[in-house]
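# Chain and residue survey
Given next are the chains, with one letter for each unit.
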Amino acid sequence: MYSFREISKDIYWVGGSDKRLSRFENLFPLPKGVAYNAYLINDEKTAVLDSVDASISTLYINNVKKVLDNRDLDYIVVLHLEPDHSATLRELLVNYPNATVVINQVGLRIFKQFFGDICKNVQIVKEGDKLNLGKHELEFVFTPMAHWPESMMAYELSQKILFSSDAFGAFGSIDGALFDYEAGNNFDLDEYRRYYANILGKYGQRVEAAFAKLDGKAINIICPVHGHVLKDKIGLILDKYLLWAQYQSEQKGITIAYASMYGNTKDAAFLLANELAINGVTNIDLFDVSETDISYIISSIYKNTHFALLSPTYNLEIYPKMRALIDDMKMLTIRNKKAFIVGNGSWAPVVTEKISKEVSELQNVEQIVKALTIKSALDDSTAKEVRDAAKIIAEDIKNS
Ligand code: FEO
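Figured I'd write up the structure that's included with this text. (Residues numbered from 1 in each chain as written. Predicted model: local features only at pLDDT ≥ 70, side-chain atom pairs only at ≥ 80, totals over all residues. Heavy atoms only, no water.)

Glancing now at helix H11 (residues 351-360). Here H11 has its buried residues at Val351, Thr352, Ile355, Ser356, Glu358 and Val359. One side of H11 carries all its buried residues, which in axial view fall inside an arc of 165°. Residues of H11 that are exposed and angled more than 90 degrees away from the buried face: Glu353, Lys357 and Ser360. Those residues of H11 that are buried lie in contact with strand E19 (304-314), strand E20 (317-318), helix H10 (320-331), strand E21 (335-345), strand E22 (363-367) and strand E23 (372-375). (Buried < 20%, exposed > 50% of the residue type's maximum accessible area, 1.4 Å probe, protein only. Helix = DSSP H or I, 4+ residues; strand = E, 2+ residues; numbered from the N terminus. Arc of directions from axis to C-beta. Contact = heavy atoms within 4.5 Å.)

Written out as structure tokens, the structure is:
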């Protein structure tokens, strides 16, 4: 079976999707699956850009063979070595042993770590080098740490197509809608944000540096390795990436993440949300950290100007699921936010201070209201403190 599509003259999508994988990188839930895009240029010379995850290797090899129609493959361009794009390289080389692997120096080192010395022909490229295929020519743009150190993009000069590797991708399978304009209401910006925040979020400065290198290049089509091929929504996604790379929030709003064993801390979270709404806040995302995967909460925090963390004390520590969220926030270098903290505890409510310390280590994150401590359950006094805090936070959100 084969299933490929022409993207532009001589340029084909030869990738596919996986709806069975439950977690990307064995970590991030994939309720809508994931796409592994690879591309083929069928010119005087032939070139494949990247391979795919092992789960769709047969489809990929069939697609390449069908497009090439008995022609040989001249080049295998390797933009990124993470196995979701490199797992089928060995099989591709078995089918096309004469192909030259076009790769950068760092990429070759990683290639050999995965595959050993299986390459007969290698062409090392440097920043700005060009690969002429006939009517089409690829220029290489190095984008280290977007997503790995060897990551690079290829810019096709004649039709102004950017092969962007992991950048500008999204979670979600290609359900027929290869191009963004074919997705209609299924185009899911939330899955672009969740992908960016969790996969590339730590490397915002590197993503910004990649942007600088693309400045001045006209782009008609973006071909990422995940998500839709971008044509109509290039402006939207580039604008969002610029915000995300600079750790700027997209909207006035608040992410409330709570942990709760028996419902008492949950009551405080819902009271806070209700009071914020009463005070005019419209963008409120409320999550139970035991129920919602961290990747969604991180994505929401990226989007909103404010966040609130509410947690019980657990073994004289932060409740483990809240601890995991905070660790992830620190790893991904969440910054430029306003925060509010509520801790709970029945005999030693140390969590308030512990979360405050963790949050103080985030860059440019300010607590706009003094952190509150609940003893076991809200009473009239602590409920009033939550209501008063909500008024201040709502005002701050409005003015942000
Ligand atoms: Fe989609 Fe960094 O691999």
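What follows continues from the structure just given.
Moving on, we come to the sheet that holds strand E16 (residues 221-224). Strand pairing in a sheet is mediated by backbone hydrogen bonds. Such pairs are either parallel or antiparallel. What the 5 strands build is an open sheet, ordered E12-E13-E14-E15-E16; its pairing is mixed. On the outer flanks of this sheet lie strand E12 (130-132) and E16, each paired with one strand and no other. Each strand axis lies, on average, 20° off the axis of its neighbour in the sheet, ignoring direction. Bridging between strand E14 (residues 152-156) and strand E15 (residues 161-165) involves 3 bridges; their strand directions are antiparallel. Within the sheet, the bridge partner assigned to Tyr155 lies in E15 and is Leu162. (Pairing = 2+ DSSP bridges. Axes fitted to C-alpha atoms, helices over the stretch in contact; angles between N-to-C directions.)

For the structure on display, the rule yields 24 salt bridges. Measuring nitrogen to oxygen at the nearest pair gives 2.7 Å for the salt bridge that ties Glu182 to Arg5. Taken together, the residues span a long stretch of sequence, with Glu182 in the loop between E15 and helix H5 (189-200) and Arg5 in strand E1 (residues 5-8) at a distance of 177 residues. Relative accessible area serves as the criterion here: at 28%, Arg5 is assigned to the partly exposed category. Sharing partners across several salt bridges, the network here consists of Arg323, Asp327, Lys330, Lys357, Glu358 and Glu361. (Salt bridge = Lys/Arg side-chain N within 4 Å of Asp/Glu carboxyl O.)

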